[in-house]
Amino acid sequence: MDEAIRAEVVEVAGHGGDRIQAYFAEPLDSGRRPGMVVIHHMPGLDRQTKETVRRFAAQGYFAISPNLYWREAPGADPDDAAAAVRARGGVPDERLVGDVAGAADFLRNRPSASGRVGVIGYCSGGRQAVLSACHLPLQAAVDCYGAFVVGQPPEGFPIPIRNLTDQLPDLGCPLLGLFGEEDQHPSPAETAELDALLTSQGKEHEFTTYPGAGHAFFAVDRPSYRPEAAVDGWGRIFAFLGRTLEG
Amino acid sequence: MCTYLTKRLEVDGSGKGAAGWMRVTAASVYFDHPAHAPADHTLNVDLLNPDLGPAGRVALELEPRSARQLAEAILELLAAGPATQTT
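Residues numbered from 1 in each chain as written. Chains lettered and ligands numbered in written order. Predicted model: local features only at pLDDT ≥ 70, side-chain atom pairs only at ≥ 80, totals over all residues. Heavy atoms only, no water.

Visitor: Describe the state of the cysteines, listing the residues and the values that go with them.
Guide: Residues and elements named next belong to chain A. Across all of its chains, the model carries zero disulfides over all chains by this definition. With no disulfide of its own, C134 lies 8.4 Å from the sulfur of C173, the closest cysteine sulfur. No disulfide involves C144; its nearest neighbouring cysteine sulfur is the one of C123, lying 10 Å away. (Disulfide = S-S within 2.5 Å.)

Visitor: Could you give me a rundown of the sheet that holds strand β7 (residues 175–180) of chain A, with the residues and numbers involved?
Guide: Residues and elements named next belong to chain A. What the eight strands build is an open sheet, ordered β1-β2-β4-β3-β5-β6-β7-β8; its pairing is mixed. Two strands close off the open sheet at either side, each with one partner strand: β1 (5–13) and β8 (205–210). This sheet shows a mean twist of 20 degrees between the axes of neighbouring strands, independent of strand direction. Relative to strand β6 (residues 140–144), strand β5 (residues 113–122) runs parallel, the two sharing five bridges. Looking at β6, one finds that G121 is bridged to D143. This element, helix α4 (residues 124–135), spans β3 (33–39), β5, β6 and β7 of the sheet and lies at about 140 degrees to β5. (Pairing = 2+ DSSP bridges. Helix = DSSP H or I, 4+ residues; strand = E, 2+ residues; numbered from the N terminus. Axes fitted to C-alpha atoms, helices over the stretch in contact; angles between N-to-C directions. Contact = heavy atoms within 4.5 Å.)

Visitor: Any chance you could break down the nonpolar core for me, citing the residues and the numbers?
Guide: Residue and element names in this part refer to chain A. Ranked by size, the top nonpolar core spans 45 residues in total, and within it V37, I64, Y69, L96, L107 and V119 carry the most contacts. Element by element, the count of residues in this core is highest for helix α3 (residues 93–108), at seven residues. The residues contacting L107, other than those within four sequence positions of it, are F24, G35, M36, V37, F62, A63, I64, A113 and V117. Among the nonpolar cores identified, the runner-up in size contains 33 residues, and Y61, I120, V142 and F218 belong to it. (Core = buried A, V, L, I, M, F, W, Y, C linked by side-chain atoms within 4.5 Å. Buried < 20%, exposed > 50% of the residue type's maximum accessible area, 1.4 Å probe, protein only.)

Visitor: Help me get a handle on the environment of G172(A), residues and values and all.
Guide: All names here are of chain A. Locating G172 in the fold gives a position in the loop between β6 and β7. You can call G172 exposed: its relative accessible area is 57%. Sequence separation between G172 and G146 is 26 residues, and the spatial gap between their C-alpha atoms is 18 Å.

Visitor: Account for the pairing of β7(A), naming residues and giving values.
Guide: Residue and element names in this part refer to chain A. Of all the six residues making up β7, six are buried; the element is thus mostly covered by neighbouring parts of the structure. Pairing of β6 with β7 involves four bridges; the strand directions are parallel. Bridged to A141 within β7 is L175. Sheet analysis places β7 next to β8, joined by six bridges and oriented parallel. In the strand pairing of β8, G177 is matched with F207.

Visitor: Let's hear about the pattern of salt bridges: which residues, and what values?
Guide: Oppositely charged side chains can form a pair if their charged atoms are brought close together. A full pass over the atoms with the stated rule returns 20 salt bridges over all chains. Here D166(A) makes a salt bridge to R162(A), at a shortest N to O gap of 3.0 Å. Given the relative accessible area of 48%, D166(A) is considered partly exposed. Salt bridges sharing partners connect three or more residues here, namely D79(A), D80(A), D46(B) and R57(B). (Salt bridge = Lys/Arg side-chain N within 4 Å of Asp/Glu carboxyl O.)

Visitor: Please set out a nonpolar patch on the surface residue by residue, giving values where relevant.
Guide: Residues and elements named next belong to chain B. The grouping of L60, L70, I74, L75 and L78 at the surface amounts to a nonpolar patch, some 440 Å² of accessible area in total. Among the elements that line the nonpolar patch, the one with the most residues is helix α1 (residues 64–80), at four residues. Take L75: its relative accessible area is 58%, and that puts it in the exposed class. (Patch = residues over 30% accessible without salt bridge, like charges linked within 9 Å, V, L, I, M, F, W, Y side chains within 5 Å. Areas by Shrake-Rupley, 256 points an atom, 1.4 Å probe, with all protein chains shown as cover.)

Next comes the structure, spelled out in structure tokens:
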């Protein structure tokens, strides 16, 4: 594999049939491909998210990140878009699921798609990856330090962010969870609670909590970056996807 | 973490954004990831003019200590000004 890729902006049919922009990348060499939907974090579809999309493509996946803020801020800078959406109360869960569904359909409709699609999200996107996997026919989900999958969200947020405990029985695919021991949201106690809950429900999952790492340890341009955790985490992600999407 | 916590309020004034001066009519205040500041979390303020779209924004990302000092300075100056003009 020479890791040659093409990356471009495409349009997908999101929630309610809305046309929204997405960042898409694909390998140039031939072969049947699984797909990965990358859910961007609260700061928007930014440079780092696009780098993640390209990384999956270089590893042999069709990869896409739908711009969850396109409706409120078409064409805006990611930080301005994030601010506009925050000012309006955030992205409702139902709309997020619809947008991920549209992005996953786009990947399945590629001519050489294998039909198997996974989802990954970081931070707020981690919770949304789990949410998506509870409602959509996906084959793998990766939650990187998503808060409020369990536990109590803060009060007073205009859109009531609620935990997913009542939706976890519908989790329809294996879940990989990567967390930092020094993170407060999700805290080690919360990820242990999630671990126990999924075990009791017979849900296939694999969790790793890294000592010396807090929130956002994958973020290479933030002080929170922890190379050891991030390198190991990427290894676990591709091993997990190799089993669930490429097998 | 993404704190999600956000205070939103109406304001009345002006701010200077990427396209120059503009009226600002709304504000978001939140403690969360910055887009630019070299920190994991900052106290962020967006002064907004929603009529101008997402780019109608003046943005601040402050270290918590700086944010407190700024807030205290604002309140101190408002308290010291003529009551008829600062309430």
